Amino acid sequence: MLERKDALNLILKGCNEKFADNGFELLTPVTEENETAFADFKKGDLTLRLLSHDNLLDVMEKVEDGEFAKTESNLLDLDSFEERDIKSLCNEIVDTVATSHGKKAKQATKKAPQTISKSAAKNGASYDANTLANRIATLYPELKDAYKENFQKYDEFLGEDFFVNHANAYIMRTIRSHDSQQLKKLFKILSDIYENGSNDVQDLVVVTILGEIDNDKELLEKCREYISDDDFYETLVAVNKYLVSPAGKKARKLLENPPAYKPPKKKKGGMMSSLMQGGMPQQ
């Protein structure tokens, strides 16, 4: 297990040369504060911060009143990260900084929607679809471009589009695999989001994403190994059982062929609520 400060020092070592090539200089050494560690870089009037907290590493940009706004999140699991993981993470960070602020920086792009932090969730806030997608994109860096393109295109984040057309393939590949470390990471994210998420994001987890298990008993049993919350697992099983029923197959067609995008209107419950009202079988 890596210590947080040591991990961030390794990241600085891996990123410093590329940062310097793009005009940044290290402003502060690694500083520990409560259960976080951070280091700041400066280029002209711009200050960036690499902030390690929980199992994430955020790239942040200094804004008004000296506050920092998150521009990117990356997975930094101190319990399982190895040297090769650090190298891959450094490449992700360097690419993010170079693309946004380096020599070949793109013209102004829309900033990512704000995610719900773990501390906010502990204080009563509910995780949303954007927070789920952001965490999944940290687990599968290949999805980061699709994640960015989603809110760039629609001016907001559309969870159904991101998961159905991009992320589900990666998630199902992991569920079908024998990679216990990746499975633990995946279900740690899904469980946390489900247990502390809004109704809409719970729909995304058990219907849109895990509904693709297609009631496969072997895969459901595998999920049981990594899901400790009984309500989450029982709902997952019930949804999968429903989706292979005649009524459920109609619902699945709606998932596979969603209606054209329209500006959001006030909702009356989510997909899972509709399934329940439609007679989803009881356990």
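What you see is a predicted model, and the numbers here were worked out from it, not measured in a lab. (Residues numbered from 1 in each chain as written. Predicted model: local features only at pLDDT ≥ 70, side-chain atom pairs only at ≥ 80, totals over all residues. Heavy atoms only, no water.)

A. View of the overall build of the protein. Scanning the protein from terminus to terminus reveals 12 helices and 6 strands. Scored against the burial criterion, the 283 residues of the protein give a buried share of 47%. Across the protein, the fraction of contacts at a sequence separation of at least 24, relative to all contacts at a separation of at least 6, is 57%. For the protein, the exposed area adds up to about 15600 Å²; of that, 47% sits on carbon and sulfur atoms. (Helix = DSSP H or I, 4+ residues; strand = E, 2+ residues; numbered from the N terminus. Buried < 20%, exposed > 50% of the residue type's maximum accessible area, 1.4 Å probe, protein only. Contact = heavy atoms within 4.5 Å. Areas by Shrake-Rupley, 256 points an atom, 1.4 Å probe, with all protein chains shown as cover.)

B. Quick look at unusual backbone geometry. Unlike most non-glycine residues, D54 shows phi in positive territory, near 50°. Following the sequence through the fold, D54 ends up in the loop between strand 4 (46-53) and strand 5 (56-62). Taking relative accessible area as the criterion, D54 reaches 34% and is therefore assigned partly exposed. Phi angles above zero are rare outside glycine, and D214 is one such case at about 60°. Within the secondary structure, D214 is located in the loop between helix 8 (199-209) and helix 9 (217-226). Assessed through its relative accessible area of 44%, D214 is described here as partly exposed.

C. Quick peek at helix 5 (residues 144-154). Inspection of helix 5 places K144, A146, Y147, N150, F151 and Y154 among the buried residues, and these make up the whole buried set. Packing partners of the buried residues in helix 5 comprise strand 6 (68-75), helix 2 (83-101), helix 4 (129-139) and helix 6 (159-176). The positive-phi residue at the C-terminal boundary of helix 5 is D155, with phi of around 65°.

D. Main features of helix 10 (residues 230-243). Compared with the 20 Å implied by 1.5 Å per residue over 14 residues, the 20 Å span of helix 10 between its first and last C-alpha is a close match. The buried count for helix 10 comes to 10 of 14 residues, which makes it a mostly enclosed element. Of all the positions in helix 10, only F232, Y233, T235, L236, V237, A238, V239, N240, Y242 and L243 are classed as buried. For helix 10, the N-terminal cap is D229; the gap from its side-chain oxygen to the backbone nitrogen of D231 is 3.3 Å. (Expected span 1.5 Å × (residues − 1). Polar contact = N/O pair within 3.5 Å; in protein donor to acceptor, adjacent residues only side chain to side chain.)

Take it as geometry only, folks, not as evidence of what the structure does.
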